[in-house]
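Structure at a glance
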Amino acid sequence: MDAIQAVGLTKVFGSFIAVDSVSFRVGLGESFALIGPNGAGKTTTLRIVTGLIKPTSGTIRVLGGDPSSKEVRRRMSILPEDAGVYEKLSSWETIYYYGLLRGLNKREAEQRTDELIKQLGLETKRNEFGSRLSKGLKRKVLLGMCLVNDPDLLILDEPTDGLDVRSARNVRDLLNTLVAEGKSIVVTSHNMAEIQNVAKTIALIDKGKITALGEPAQLLSDFNQKSLEDLFIMLTQPEAV
Amino acid sequence: MGWYVILRKDLKELVRNKRALALVTIMPLLLFSALGILSNYSLTKTPTVITVVNEDQGYGSINYGQQAEYLIQQYGSSVDLVMVNESSFSVAQQLVRNGQAVLSVLIPRDFSYLLNQTYGTPNITIYTSSGGTKTQVASQIVDDAFGQISDYIRYHRVQLIAGNNASSILNPITVQYQEFIVKNPFNTTISTPYGGILPALIVLLAVETNVGLIVDSLIGEKERKTLEMLMVTPVSRWGIIVGKTLAVLSVSLLSAIAILVGIILDISLTFSGLAASITPQQIRIVPLEGVALVAILAATVAITQLITAAMSAYATNTKEANASIGLVMSLPVVSMYPLLFSSLSSLPPLAQVFMYMLPFTYSYLLLNDTLIGPASLFDVVYILALVVYTLALFWVTVKLYGREAVIVGGTKRSFGFKRRKSASATPELQSRDQRT
């Protein structure tokens, strides 16, 4: 069973094709990166994967089932690109709330929240309301919300966006730890170094189509490029104005 | 029980939002109290002016015109009535037109003379504006004053003809009144000039103070970018909407209780002191009625919130959603305004159909029957209508929030202009491309 099996995914909004015949698979315990310019279709693809929107055509299987089913959703989490936190809930309460929403009982949610508060370095901000947290701290709380149910599949849209260098490294280390623990991770980022550090497989998407798919080293070799950044520049076009 | 988790979390957030909480609980108390004080001031502190143009020249030592003036002053002393003598009736009429007096009385020159003739019938002219509690009270006082003089004259004339049998001639039938008091199931007594508009006031205030809460709860999630994560949890869309609506409804229950206390304050303050003589009956809301009132208000607020939620489903932020609040707030006015002046059954058929389509009509009718009565079997239908409306609005709201546009935003603006259509997306699109 794969973590994600996407076959011929197409999403059309009116006359606009956001995702065009996209196919890829992510194995269990595999880290997968979706890279591409702004408006390339990354977020739409991830939304199809999470079952938030239905594909116009094509099929998607996540953890062997329908991504909008309760069973699958209990085992996966998503961190949207520009997600926010609750202004009137503390860091602890926010993570605990998501634990309960994802089917943990009170004791499990409490225990897991305590662990994550410690793991994410939020001990001093444990009782701080969301409205008083910095962007980096909010991102950490959001990660806690995603990890609270110990998901088998973690989907992260720009997880280090807005974080300082140290926090970004902490997140990357955390992702690598999760992969080592056998979790499947799908990540999007504009930071090519980060992608190279985290992802085992890369899909480059441009104008809704996957233009390159494979392991980073193999792709660099196939396209005769020195870095992922060069490969990105070579295979993508500037965003339409 | 995802809905319960959402309910508890939203309730926690609402309770921590002190400003919103104060708005829905303290504001009704303040508003109704202010209304009561202002109404009381209007009824008692601002004098009710009557102008009298007394041209009566009397008959011998008798001057009935002066007696009428005396009686008007006597009867009007309890309501701060001021009687002003004018020499010209046209000036007195002008005072009424200007709003400086509520009523003007012209007593003719031959008033006493004609009254002293056996068959004389002098004409009293009363010039007044229509409507208004003060006008009604002043008219009643003038009627009572001239009524007393009429009674005396009538008796005096009959006595001249029939001697001691005058009383039997004037009162051939002894009427014994057995009063039937209209009661609602809760045995409430609110019999004031306020009665008719009170249910409307209550519905309006319940709607106005609570309408914004759901916008912050639902669209706030969207605006704060927390909705997408919430929708990827195992909780169903039904669970999300139910949890959020119930959380807001819990706060609205507090508001409903505050409104109920506000009503009692309002009426007590309005008809306190000098004004108590206008309406001798007092408000008395029994506990069972209190529960019924809170339940009706809660249902009304739930419907308000669901309509607002449904209407703001297309909004991307609270600013856009707030635009729909104005429209929602106008619905109770539309549904209750005609009922202030006539019953629902007296309206034209099309207007009736329109009124029955508005949920606030049922709220008004139920509140009216609960507070003023009489209750009937129709109330059961009204309750069912409110329940059906609530469920239907739940369904509509869930459907609207289940749309992809809630997540991806407006499709035209976001996606329509940036990129041209690809020629190789799907076989269907390919064939469409070829056709075009």
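Residues numbered from 1 in each chain as written. Chains lettered and ligands numbered in written order. Predicted model: local features only at pLDDT ≥ 70, side-chain atom pairs only at ≥ 80, totals over all residues. Heavy atoms only, no water.

Scanning chain B from N- to C-terminus turns up 18 helices and four strands. Burial analysis of chain B (436 residues in total) assigns 46% to the buried set. The long-range share in chain B, meaning contacts at least 24 apart out of those at least 6 apart in sequence, stands at 78%. Carbon and sulfur atoms make up 61% of the accessible area of chain B, which amounts to about 22,200 Å² in all. (Helix = DSSP H or I, 4+ residues; strand = E, 2+ residues; numbered from the N terminus. Buried < 20%, exposed > 50% of the residue type's maximum accessible area, 1.4 Å probe, protein only. Contact = heavy atoms within 4.5 Å. Areas by Shrake-Rupley, 256 points an atom, 1.4 Å probe, with all protein chains shown as cover.)

To continue, consider the layout of surface pockets. Here the second largest pocket defines a volume of roughly 550 Å³. Together, 26 residues line the second largest pocket, and L100(A), L101(A), M1(B), Y4(B) and V5(B) are the ones closest to its centre. Mapped onto the lining of the second largest pocket, the elements with two or more residues apiece are α2 (70-74) and α3 (91-101) of chain A together with α1 (2-16) of chain B. If you tally residues by element for the lining of the second largest pocket, the top one is α1(B), at seven residues. Classifying every residue of the lining of the second largest pocket by side-chain character gives 13 nonpolar, five polar and eight charged. (1 Å grid on protein atoms, 1.4 Å probe; cavity = no way out; pocket = protein on both sides within 12 Å on 5 of 7 lines; lining within 4 Å. Points joined across faces, edges and corners; volume = space filled by probe spheres on them. Nonpolar A, V, L, I, M, F, W, Y, C, P; charged D, E, K, R; others polar.)

Any space left empty among the atoms is revealed by the rolling of a water-sized probe across them. All names here are of chain B. Scanning the model with the defined rule gives two cavities of 30 Å³ or more in all. Roughly 40 Å³ of volume is contained in the second largest cavity. Lining the second largest cavity are L218, L227, M231, R237, I240, I241 and Y401. Those elements that place two or more of their residues in the lining of the second largest cavity are α9 (227-231) and α10 (237-270).

Right, let's get into the sheet that holds strand β1 (residues 4-13) of chain A. Residues and elements named next belong to chain A. What the three strands build is an open sheet, ordered β2-β1-β4; its pairing is antiparallel. The sheet terminates laterally at β2 (16-26) and β4 (57-62), the two strands that pair on one side only. Direction aside, neighbouring strands of the sheet carry axes that sit 20° apart on average. Sheet analysis places β1 next to β4, joined by five bridges and oriented antiparallel. Pairing of A6 across the sheet is with I60, part of β4. (Pairing = 2+ DSSP bridges. Axes fitted to C-alpha atoms, helices over the stretch in contact; angles between N-to-C directions.)

Residue-level contacts link 48 residues of chain A with 35 residues of chain B. Regarding the contact of chain A and chain B, the summed buried area is about 3,900 Å², with carbon and sulfur atoms giving 61% of it. Summed over the shared surface of chain A and chain B, the number is four salt bridges. Where R16(B) meets E93(A), a salt bridge forms, and the shortest distance between an N and an O atom there is 2.7 Å. Counting across the interface, chain A meets chain B through nine residue pairs in polar contact (both at pLDDT 80 or more). If you list the elements that add at least two residues to the side of chain A that touches chain B, you get β1, β2, α2, β5 (76-79), α3 and α5 (135-147) of chain A. Of the residues that constitute the side of chain A that touches chain B, the class distribution is 24 nonpolar, nine polar and 15 charged. (Buried area = accessible area lost by both parts, 1.4 Å probe. Salt bridge = Lys/Arg side-chain N within 4 Å of Asp/Glu carboxyl O. Polar contact = N/O pair within 3.5 Å; in protein donor to acceptor, adjacent residues only side chain to side chain.)

Note on sheets: strands pair through backbone hydrogen bonds, and any given pair is parallel or antiparallel. Residue and element names in this part refer to chain A. Taken in spatial order, the six strands make up an open sheet running β5-β6-β7-β3-β8-β9, and their pairing is mixed. Lying at the two open borders of the sheet, with one neighbouring strand each, are β5 and β9 (209-214). Across the sheet, the mean angle from the axis of one strand to that of its neighbour is 15°, orientation sign disregarded. Of the pairings in the sheet, the one linking strand β3 (residues 31-35) to strand β8 (residues 201-206) comprises four bridges and is parallel in character. Bridge pairing in β8 places F32 opposite T201. In the packing of α5 onto the sheet, the strands contacted are β5 and β6 (153-157), and the crossing angle to β5 comes to about 165°. Sitting on the sheet, helix α9 (residues 228-235) touches β3, β8 and β9, and the angle it makes with β8 is about 30°.

So, about the confidence of the model for chain B. Residues and elements named next belong to chain B. Overall, the prediction assigns chain B a mean pLDDT of 79, with 85% of residues at 70 or greater. Contacts from residues 185-193, a stretch scored under 50 in pLDDT, to residues over four places away or in other chains number 26 contacts. A low-confidence stretch, residues 410-436 stays under pLDDT 50, and its non-local contacts, those more than four residues away or across chains, total 39 contacts. As scored by the predictor, the complex reaches a pTM of 0.72 and an ipTM of 0.90. (pLDDT = per-residue confidence, 0-100.)

To continue, consider unusual backbone geometry. Residue and element names in this part refer to chain A. Phi at E158 takes a positive value of approximately 55°, unusual for a residue other than glycine. Following the sequence through the fold, E158 ends up in the loop between β6 and α6 (165-180). In this structure, K207 is a non-glycine residue whose phi angle is positive, near 50°. Mapped onto the elements, K207 comes out in the loop between β8 and β9.

Further remarks concern the pairing of β8(A). All names here are of chain A. In terms of residue burial, β8 counts as a mostly covered element, since six of its six residues are buried. The alternating pattern of β8 places T201, A203 and I205 on one face and I202, L204 and D206 on the opposite face, and all of these are buried. The pairing of β8 with β9 spans five bridges and is classified as antiparallel. Within β9, the residue paired with I202 across the bridge is G214. Connecting β8 to the next strand, β9, in antiparallel fashion are two residues, including K207 with a positive phi near 50°.

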